[in-house]
Structure formats: structure tokens, C-alpha cells
Amino acid sequence: MTSQAPRPVVLIGPMAAGKSSVGRTLAKVLAREFIDTDKVIVRDNGPIPEIFAELGERGFRELEANVVAEALRPGAVVSLGGGAVLDEGTRARVADSTVVLITVSEAAVASRIDNNKRPLLAEEGIVAWRRITAEREPLYRQLADAVADTSHRPMRRVAEEIAAWVLEHEHPGSESKKERGITSV
Ligand code: S3P
């Protein structure tokens, strides 16, 4: 019997929630390929603030949608930028994946925000983060198969709990129920 590669595991959620760190560790724990779509965009096009300055948010979203479409392949763990879900085509593709929403409280995220790297937070910082996160919340919730919060636990632990949840989700009954910090939705 040949075993098929599993559907991509996609991490979505607000800016600075921990999608990249959790995704990197999750891929290691599951021994799967890791793709961070922001990193691919930067590798191929230069720094994100420069892309926003040259092409505007709209131009960035077009680049992003193409990179995401390419990244969502079977067997991969994929961390998306916080705004990737604004694109309708991306939402349709993500809906066919195993989707984990990474959340974080406003208090915990405040110290993680590096305003220089995120053009949408450049002027108002946490105030913009709060507004943008609230605006996107319905999209995140609509797509999520599970939710994991990074506010109070080390990223490694969050990643390990998600790994256990993913294996259980892919093969119900095969894993012990130890993924306490993650909620299926
Ligand atoms: C964005 C999030 C960023 C990056 C870009 C736009 C957004 O990624 O893609 O600055 O619109 O939420 P992170 O979610 O990794 O911060």
C-alpha cells in the first residue's frame, strides 16, 4: 500500500502571533518540509516594507497569493502572513488544507512587535494590530480546524501540541490525547 502525502498543514493568524516560529518547530517535529511564505516573498522580491512602498498593499497581496498557491503542497507545513487570508483564492485553497489558527493576546504581542518589519504597524503599532486583528477575526475563525494560543507557553510546546493534534486529525485514534493547549473547532 502506498501512503499518500498528507494535506498541507497551514498556520494562519494575526501578525506576530508566532506562526513562523511555531511552524518551523512543527515541521521539524513532524519531519515535514517547512515553507514560510513571507520568507519566500522577501527572498524573491526584497524586504516587505520596500514592496509595500513600491507596489502598495495591493501589489504585495498579488505576490503573496501566488507564493501561497505554490507553497500549499501535500506534505508541507506552511506559515502564512497575517493578511494572506484576505485573498479569496487563498481562502479557497486554505480551506482544502489542515488549518491551525495561532492566536496571541494583545498584552503578550506588544513586546513582540517589531514595527520596522511590518508596514501595516509602522505608524500606530499595537493600536493598528488590535484593529486589523479584530477585522480579520471572522476570516480566521471561518477557516480554522483548530486554535492554539502562544501567549503563555513556549513556542516549542505549542508546536509539539499541534503536532500531536495533526497526527490525531490525520489518523483518528492513533495518538494519545495529550494535546491539551489546542482546541479543535
Ligand atoms: C501582514 C503580515 C506580515 C507580512 C506583511 C503583512 C499582514 O506577516 O506578511 O507585513 O497584513 O498581516 P506576519 O503575519 O508574519 O507578521
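Residues numbered from 1 in each chain as written. Predicted model: local features only at pLDDT ≥ 70, side-chain atom pairs only at ≥ 80, totals over all residues. Heavy atoms only, no water.

Participant: How should I be thinking about the overall build of the chain in this particular structure?
Facilitator: Per the secondary structure count, the chain includes 7 helices and 6 strands. From first element to last, N terminus to C terminus, the chain shows the α and β order β-α-β-α-α-β-α-β-α-α-β-α-β. Against the globule reference of 16 Å for 185 residues, the chain gives a C-alpha radius of gyration of 16 Å, in line with a compact fold. Projected onto its principal axes, the C-alpha positions of the chain cover 50 × 35 × 25 Å. Within the span of the chain, comprising 185 residues, buried residues form 48% of the whole. By sequence separation, contacts in the chain at least 24 residues apart represent 71% of the contacts at least 6 residues apart. Approximately 9500 Å² of the chain is accessible, and the part contributed by carbon and sulfur atoms is 50%. In the chain, which carries 25 positive and 27 negative side-chain charges, the distance between the mean positions of the two groups comes to 5 Å. (Helix = DSSP H or I, 4+ residues; strand = E, 2+ residues; numbered from the N terminus. Rg over C-alpha atoms; globule rule 2.2 N^0.38 Å. Buried < 20%, exposed > 50% of the residue type's maximum accessible area, 1.4 Å probe, protein only. Contact = heavy atoms within 4.5 Å. Areas by Shrake-Rupley, 256 points an atom, 1.4 Å probe, with all protein chains shown as cover. Lys, Arg positive; Asp, Glu negative; His and termini not counted. Charge placed at Lys NZ, Arg CZ, Asp CG, Glu CD.)

Participant: What is the right way to read the site of the ligand from this model?
Facilitator: Every one of the 15 residues lining the ligand counts as a neighbour, but Lys19, Asp38, Arg61, Arg118 and Arg136 are closest to it. Arginine 136 places a side-chain nitrogen or oxygen 2.6 Å from an oxygen atom of the ligand. Within the complex, 95% of the 380 Å² of free accessible area of the ligand lies under protein. Here the shell around the ligand gets 4 residues from one element, more than from any other, and that element is helix H3 (residues 48-71). Its residues assigned to classes, the shell around the ligand comprises 6 nonpolar, 3 polar and 6 charged. (Near = heavy atom within 4 Å. Polar contact = N/O pair within 3.5 Å; in protein donor to acceptor, adjacent residues only side chain to side chain. Nonpolar A, V, L, I, M, F, W, Y, C, P; charged D, E, K, R; others polar.)

Participant: Would you mind showing me how to read the nonpolar core here?
Facilitator: When a protein is soluble and globular, its nonpolar side chains tend to lie buried together. Residues Leu26, Val100, Ile102 and Ile162 are the most contacted members of the largest nonpolar core, which totals 29 residues. In this view, valine 100 contacts Val10, Leu11, Ile12, Ala146, Ala148, Ile162, Trp165 and Ile182; residues no more than four positions away in its chain are not counted. Listed in part, the 26 residues of the second largest apolar core include Val40, Ala76, Val78 and Val85. (Core = buried A, V, L, I, M, F, W, Y, C linked by side-chain atoms within 4.5 Å.)

Participant: Looking at this structure, I do not really get the pattern of salt bridges. What am I missing?
Facilitator: Two side chains of opposite charge can pair, provided their charged atoms sit close to one another. Scanning the entire structure with this criterion turns up 12 salt bridges. Between glutamate 124 and arginine 131 there is a salt bridge whose closest N-O contact spans 3.3 Å. Residue glutamate 124 is classed as partly exposed on the basis of its relative accessible area, which comes to 42%. For glutamate 160, the salt bridge is made with arginine 156, and the minimal N-O distance between the two is 2.8 Å. Separated by 4 residues within a single helix, glutamate 160 and arginine 156 lie in helix H7 (residues 155-170), roughly one turn from each other. Note on glutamate 160: relative accessible area 35%, which makes it partly exposed. (Salt bridge = Lys/Arg side-chain N within 4 Å of Asp/Glu carboxyl O.)

Participant: Quick question: what am I supposed to make of the sheet that holds strand E4 (residues 98-103) here?
Facilitator: To summarise the sheet geometry, strands pair through backbone hydrogen bonds and adopt either a parallel or an antiparallel arrangement. Reading across the sheet, the 6 strands line up as E2-E3-E1-E4-E5-E6 and stay open at both edges, with mixed pairing between neighbours. Two strands close off the open sheet at either side, each with one partner strand: strand E2 (33-36) and strand E6 (182-184). In this sheet, neighbouring strand axes are inclined to one another by 20° on average, regardless of whether the strands run parallel or antiparallel. Two strands pair when backbone bridges link them, and strand E1 (residues 9-12) and strand E3 (residues 76-79) are joined in this way by 3 bridges, in the parallel orientation. Residue pairing for E3: valine 9 is matched across the bridge by valine 77. Strand contacts of helix H6 (residues 126-143): E1, E4 and strand E5 (146-149), with the helix running at about 140° to E4, the strand carrying the most contacts. (Pairing = 2+ DSSP bridges. Axes fitted to C-alpha atoms, helices over the stretch in contact; angles between N-to-C directions.)

Participant: Explain H7 here, please?
Facilitator: Each turn of an α-helix holds 3.6 residues, which means side chains three or four residues apart point in the same direction. For H7, spanning 16 residues, the distance from its first C-alpha to its last is 22 Å, which sits close to the expected 22 Å at 1.5 Å a residue. Taken together, the buried positions of H7 are Val158, Ala159, Glu161, Ile162, Ala163, Ala164, Trp165, Val166 and Glu168. On its buried face, H7 is in contact with E1, helix H1 (19-30), E4, E5 and E6. (Expected span 1.5 Å × (residues − 1).)

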